[in-house]
Amino acid sequence: MVYKIKNIDEAFISHNSVRTNYRKYYNWFNNQNYSNLTKKKSEAFKFFKDTGITFKVYSENTDNENLIPFDIIPRIINRREWDKIVKGITQRVIAINLFLNDIYTNQEIINSGIIPISLLKNNSAFFPEMMGLTPPNKIFNHISGIDLIKTEKNNFYVLEDNVRVPSGVSYMIENRDIMMKLFPDLFSKYAVTDNRDYPGKLSKILKNCSPLKRKKRT
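The rules behind these values
Residues numbered from 1 in each chain as written. Predicted model: local features only at pLDDT ≥ 70, side-chain atom pairs only at ≥ 80, totals over all residues. Heavy atoms only, no water. Pairing = 2+ DSSP bridges. Helix = DSSP H or I, 4+ residues; strand = E, 2+ residues; numbered from the N terminus. pLDDT = per-residue confidence, 0-100. Polar contact = N/O pair within 3.5 Å; in protein donor to acceptor, adjacent residues only side chain to side chain. Salt bridge = Lys/Arg side-chain N within 4 Å of Asp/Glu carboxyl O. Buried < 20%, exposed > 50% of the residue type's maximum accessible area, 1.4 Å probe, protein only.

1. Notes on the pairing of strand β5 (residues 145-150)
Consideration 1: Relative to strand β6 (residues 156-162), β5 runs antiparallel, the two sharing 6 bridges. What sits directly across from D147, in β6, is E160.
Consideration 2: Hairpin connection from β5 to β6: 5 residues lie between these consecutive antiparallel strands.

Below is the structure:
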């Protein structure tokens, strides 16, 4: 099945019409000194380099480290859109976990002919040694990184599901921190949801899935 993805300008409806999410930002941006914005963007990249906030593309066969992407034009998602994303991603993560539970137990998805056995046997990510093993709380994917793109006003598509310990969260947190340091006046115009509680929430989730905690309960 082939999907035709529609391009969308998230900030503008037309040349003279700004989308609701970006009206405050657009007004703020038009009142900025552009040379000052360029200077602050350079400061951000210098901060990332000095503090070692980099990533490596292993397929490039080089030892060079790349600076994380940074843009002074943020992607603004309103509460209604975010609630929709949370609902969809939650459903997707549950489905992925149920799939992994099935693959390593009864394999009903194969027995019913939904996917061919060849997809499993020829997949290097499948480990037969895991057959019959039930992890604590039956959770296989403790962390999921879901890559999204926005295709229309209220539509999002999934590009990729990362359940192999995604590492992009640190970039998200650092991006937000440096943006707040460089442009505190911009944040005063939006009720931005704080993301600094992520490490604490992640720690709580992993502790709840710990085999040691499970043994204590029994």
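2. Here's the deal with the confidence of the model for the chain
Detailed reading of the predicted coordinates is not advisable wherever pLDDT falls low.
Consideration 1: Considering every residue of the chain, the mean pLDDT works out to 84; 89% of them sit at 70 or more.
Consideration 2: Per-element confidence in the chain ranges from a low mean pLDDT of 60 for helix α9 (residues 211-217) to a high of 94 for helix α4 (residues 108-111).

3. Let's talk about the environment of D102
Consideration 1: In this structure, D102 sits in helix α3 (residues 79-103).
Consideration 2: Taking the C-alpha atoms as reference, D102 lies 9.8 Å from M131; in sequence the two are 29 residues apart.
Consideration 3: In terms of polar contacts, D102 uses its side chain to reach the backbone amide nitrogen of I109, at 3.0 Å.

4. Focus: the pattern of salt bridges
Consideration 1: One pass over the full model with this rule turns up 7 salt bridges.
Consideration 2: Between E81 and K150 there is a salt bridge whose closest N-O contact spans 2.5 Å. Taken together, the residues E81 in helix α3 and K150 in strand β5 connect sequence positions 69 residues apart. Side by side, E81 and K150 carry an identical accessibility label, which is buried.

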